Amino acid sequence: MKRIEGFPVEGFVKGKGPKNPAILLIGEAPGENEAIQGIPFIGRAGDELEKSLKSVNLTRDDVYMTSAVRSRPYMWKEKKMRNGEITERKYNRPPTKHEIIAHAPLLDYEIKNIAPLVIVTLGNVGLQRLLGKDAKVSNLHGQVLEHAVRHLSSLEKDEYIWSDEKYRIIPTYHPAAVFYRPSNRDFIEDDWRKIGKYVSAMKY
């Protein structure tokens, strides 16, 4: 993909799921396992996400999974092995503003064409991609927002404009947030109860 050439990223993970899903899930970027297997949200974070979906009687097949960036952003860091030897390895890192812009047309297309009942953003990167840098998951999680979303003004420009349409968005924490701060689990479980109620009300 030409737009991402030269950036320290690897792999490419396509969005996955049905058209007209109950939920369009927007995460941050693939990690190492996702980049290797080409499947979004696998590994420990994927297991957490599946628990959240199961809690509202949904499975991976009911939702469309995608992310703000489709390739794994990485950085090289030294790692000390058990035998004392020091080696270099790749670690995940958050995507940069320019990497998010490079992948913006893909997410713009999905938002416009998939027609979910609701968009659920997982973490700040997905939320801010849609609503701008002032949107914080810590302030907005669990709320139903009816809002225009940002999309790239053109393939030639690195700037966003607001959509004419408004979308229903419910932000929540990224499923991996429970590994860094276990107290986030209570917020996530409560948010998913609200998401489940909202989706059920929209269906019937």
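What this report covers is the structure whose coordinates are included nearby. Here the structure is a predicted model, which means the values were calculated and not measured.

With respect to the sheet that holds strand β2 (residues 23-27)
Consideration 1: Reading across the sheet, the five strands line up as β3-β2-β6-β8-β7 and stay open at both edges, with mixed pairing between neighbours. Here the strands that pair on one side only, and so sit at the sheet edges, are β3 (63-67) and β7 (145-152). Taken over all neighbouring pairs, the strand axes of this sheet differ in orientation by 40 degrees on average, direction set aside.
Consideration 2: The sheet contact formed by strand β6 (residues 118-122) and strand β8 (residues 160-172) spans four bridges and is parallel. Of the residues in β8, the one forming a bridge with Val 120 is Ile 170.

Observations concerning the pairing of β6
Consideration 1: Among the five residues in β6, five count as buried, and that is most of the element.
Consideration 2: Along β6, one buried face is formed by Val 118, Val 120 and Leu 122 and the opposite face, lined by Ile 119 and Thr 121, is buried too.
Consideration 3: Looking at chain direction, β2 and β6 are connected through four bridges and run parallel. Bridge assignment links Ile 26 to a residue of β6, and that residue is Thr 121.

Description of the nonpolar core
Consideration 1: Ranked by size, the top nonpolar core spans 39 residues in total, and within it Ile 23, Leu 25, Ile 111, Leu 130 and Trp 192 carry the most contacts.
Consideration 2: Apart from the residues within four sequence positions on either side, Ile 111 is in contact with Leu 24, Ile 26, Ile 119, Leu 130, Val 149 and Tyr 167.

Concerning the sheet that holds strand β5 (residues 86-92)
Consideration 1: Strand order in this open sheet of three strands is β1-β4-β5, and the pairing throughout is antiparallel. Two strands close off the open sheet at either side, each with one partner strand: β1 (9-10) and β5.
Consideration 2: Strand direction decides the pairing type here: strand β4 (residues 72-80) and β5, joined by seven bridges, are antiparallel. Counterpart to Trp 76 in the pairing with β5 is Lys 90.

Topic: the packing of aromatic side chains
Consideration 1: In this structure the tally under the stated criterion is two aromatic pairs.
Consideration 2: Residues Tyr 74 and Trp 76 carry aromatic rings whose centres are separated by 6.4 Å and whose planes lie at 85 degrees to one another, so their mutual orientation is edge-to-face.
Consideration 3: Here the guanidinium or amino end of Arg 89 rests over the ring plane of Tyr 91, the centre of that ring lying 4.7 Å away.
Consideration 4: When the ring centre of Tyr 160 is taken as origin, the NZ or CZ atom of Arg 150, which lies over that ring, is 4.1 Å away.

The rules we used
Residues numbered from 1 in each chain as written. Predicted model: local features only at pLDDT ≥ 70, side-chain atom pairs only at ≥ 80, totals over all residues. Heavy atoms only, no water. Pairing = 2+ DSSP bridges. Helix = DSSP H or I, 4+ residues; strand = E, 2+ residues; numbered from the N terminus. Axes fitted to C-alpha atoms, helices over the stretch in contact; angles between N-to-C directions. Buried < 20%, exposed > 50% of the residue type's maximum accessible area, 1.4 Å probe, protein only. Core = buried A, V, L, I, M, F, W, Y, C linked by side-chain atoms within 4.5 Å. Contact = heavy atoms within 4.5 Å. Phe/Tyr/Trp six-rings, centres within 6.5 Å; stacked < 30°, edge-to-face > 60°. Lys NZ or Arg CZ within 6 Å of the ring centre and 35° of its normal.

Function-wise, these values are silent; they only describe arrangement.
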